[in-house]
Amino acid sequence: MDEDAKQPTLRQAHRDYTRARIIDAAVESLKADAYEGLLVADVAERAGVAERTLYRYFPARIDLIRATWTHINAMFSETENPDTPELLISDPLTAFPAFDAEEALIRAIVTTRQGKELRLSITSERHAAIKNAVAAARPDLDESAQLRLSVVAQLLHSSVAWQHIKDYWSLDGKTAGIAVSEALQSLLTMPRRD
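Note that the structure is predicted; figures quoted are calculated from it, not measured. (Residues numbered from 1 in each chain as written. Predicted model: local features only at pLDDT ≥ 70, side-chain atom pairs only at ≥ 80, totals over all residues. Heavy atoms only, no water.)

Quick look at the overall build of the protein now. A count of helices and strands for the protein gives 12 helices and 0 strands. Along its sequence from the N terminus, the protein presents helices and strands in the succession α-α-α-α-α-α-α-α-α-α-α-α. For the protein, the C-alpha atoms occupy an extent of roughly 60 × 45 × 30 Å along the three principal directions. Within the protein, the fraction of its 194 residues that count as buried is 40%. A separation of at least 24 residues holds for 71% of the contacts in the protein among residues at least 6 apart in sequence. On the protein, roughly 11,100 Å² of surface is accessible, and the fraction owed to carbon and sulfur atoms is 54%. (Helix = DSSP H or I, 4+ residues; strand = E, 2+ residues; numbered from the N terminus. Buried < 20%, exposed > 50% of the residue type's maximum accessible area, 1.4 Å probe, protein only. Contact = heavy atoms within 4.5 Å. Areas by Shrake-Rupley, 256 points an atom, 1.4 Å probe, with all protein chains shown as cover.)

Below, the structure is given as structure tokens:
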């Protein structure tokens, strides 16, 4: 296959650019107007496209929300949903320091109704991934104990934990990431108490 065959067509490149521009506008909308919400009209205006164009790329608002959440996660983590013990433990080491650099966005995600909507848009996938990681790390636990551990692991591995550690302990993202990583390591390797 020659090099030209690998290149996207101009039309496809324009589609990719427009889609990325819309998602970037959604992120900017969250940062700037966190309490106003992720309004389609606002996102379209920020992206410089008509609402009907936005709906061609994202037929429903939930599609825009999910794409925005996937993009935000990619900004901070190698994986959207850590499904192995190793990823669950290591991810805060890179994600939490990156949260510091985008503090306004992360705080909007943690504290607003729209941020909650973004987080909830992938809840079932996130639950499944974390449960898989916990089950792989702790096959010695029964299903009920694995569920309880998964709940705690998800709480620790979250922007909510980053905000709490930053606000109540005055730690930066790097130190908070180390603390969470060490806690997850301990929880996932701790012998069962009977």
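Attention now moves to the layout of surface pockets. Within this model, the largest pocket holds a volume of roughly 470 Å³. The wall of the largest pocket is formed by 27 residues, among which Trp69, Arg119, Arg126, Ser158 and Ser159 lie closest to the centre. Across the lining of the largest pocket, the residue classes tally to 13 nonpolar, 9 polar and 5 charged. (1 Å grid on protein atoms, 1.4 Å probe; cavity = no way out; pocket = protein on both sides within 12 Å on 5 of 7 lines; lining within 4 Å. Points joined across faces, edges and corners; volume = space filled by probe spheres on them. Nonpolar A, V, L, I, M, F, W, Y, C, P; charged D, E, K, R; others polar.)

The subject of this paragraph is the side chain of His157. Mapped onto the fold, His157 is located in the loop between α10 (143–156) and α11 (159–169). A distance of 2.9 Å separates the side chain of His157 from the side chain of Asp91, its partner in a polar contact. Not counting the four nearest positions on each side in its chain, His157 is found in contact with Pro82, Leu88, Asp91, Pro92, Arg126, Val180 and Leu184. (Polar contact = N/O pair within 3.5 Å; in protein donor to acceptor, adjacent residues only side chain to side chain.)

Within the protein, residue pLDDT values average 88, and 91% of them lie at 70 or more. Confidence scores differ between elements of the protein, with helix α1 (residues 3–6) showing the lowest mean pLDDT of 60 and α10 the highest of 97. (pLDDT = per-residue confidence, 0-100.)

In this section: helix α5 (residues 61–76). Its 16 residues place the ends of α5 23 Å apart at the C-alpha level, agreeing with the 22 Å of an ideal helix rising 1.5 Å per residue. Taken together, the buried positions of α5 are occupied by Leu64, Ile65, Ala67, Thr68, Trp69, Ile72, Asn73 and Phe76. (Expected span 1.5 Å × (residues − 1).)

This model, assessed by the stated rule, comprises 7 salt bridges. Linking Asp42 and Arg46 is a salt bridge whose minimum nitrogen-to-oxygen distance equals 3.1 Å. Remark: Arg46 and Asp42 occur in helix α3 (residues 40–47); sequence separation between them is 4 residues, near one turn of the helix. In this structure Arg46 comes out as partly exposed when scored by relative accessible area, which is 35%. Residues Arg107 and Glu103 are paired through a salt bridge, measuring 2.8 Å at the closest nitrogen-oxygen approach. Highlighted residues: Arg107 and Glu103, both in helix α7 (residues 103–111), separated by 4 residues, approximately one helical turn. Assessed through its relative accessible area of 27%, Glu103 is described here as partly exposed. (Salt bridge = Lys/Arg side-chain N within 4 Å of Asp/Glu carboxyl O.)

Next up on the list: the nonpolar core. Counting 45 residues, the largest nonpolar core has Ile22, Val43, Leu54, Ile72, Phe96 and Leu118 as its most contacted members. In this structure, Ile72 is in contact with Val27, Leu30, Leu105, Ile109 and Leu118, ignoring residues within four places of it in sequence. (Core = buried A, V, L, I, M, F, W, Y, C linked by side-chain atoms within 4.5 Å.)

What follows is about α3. Along α3, the positions that sit buried rather than exposed are Val40, Asp42, Val43, Ala44 and Ala47. On the buried face of α3, the contacting elements are α2 (10–32), α4 (51–57) and α5. Positive phi shows up at Gly48, right after α3, with a value of about 75°.

All right, on to the environment of Arg15 then. With respect to the secondary-structure elements, Arg15 resides in helix α2. As for Arg15 and Gly177, which are separated by 162 residues in sequence, their C-alpha atoms are 37 Å apart.

Here we take up a nonpolar patch on the surface. There is a patch of nonpolar side chains on the surface, built from Leu147, Val151 and Val152 and spanning about 250 Å² of accessible area. Mapped onto the elements of the fold, Leu147 is located in helix α10. (Patch = residues over 30% accessible without salt bridge, like charges linked within 9 Å, V, L, I, M, F, W, Y side chains within 5 Å.)

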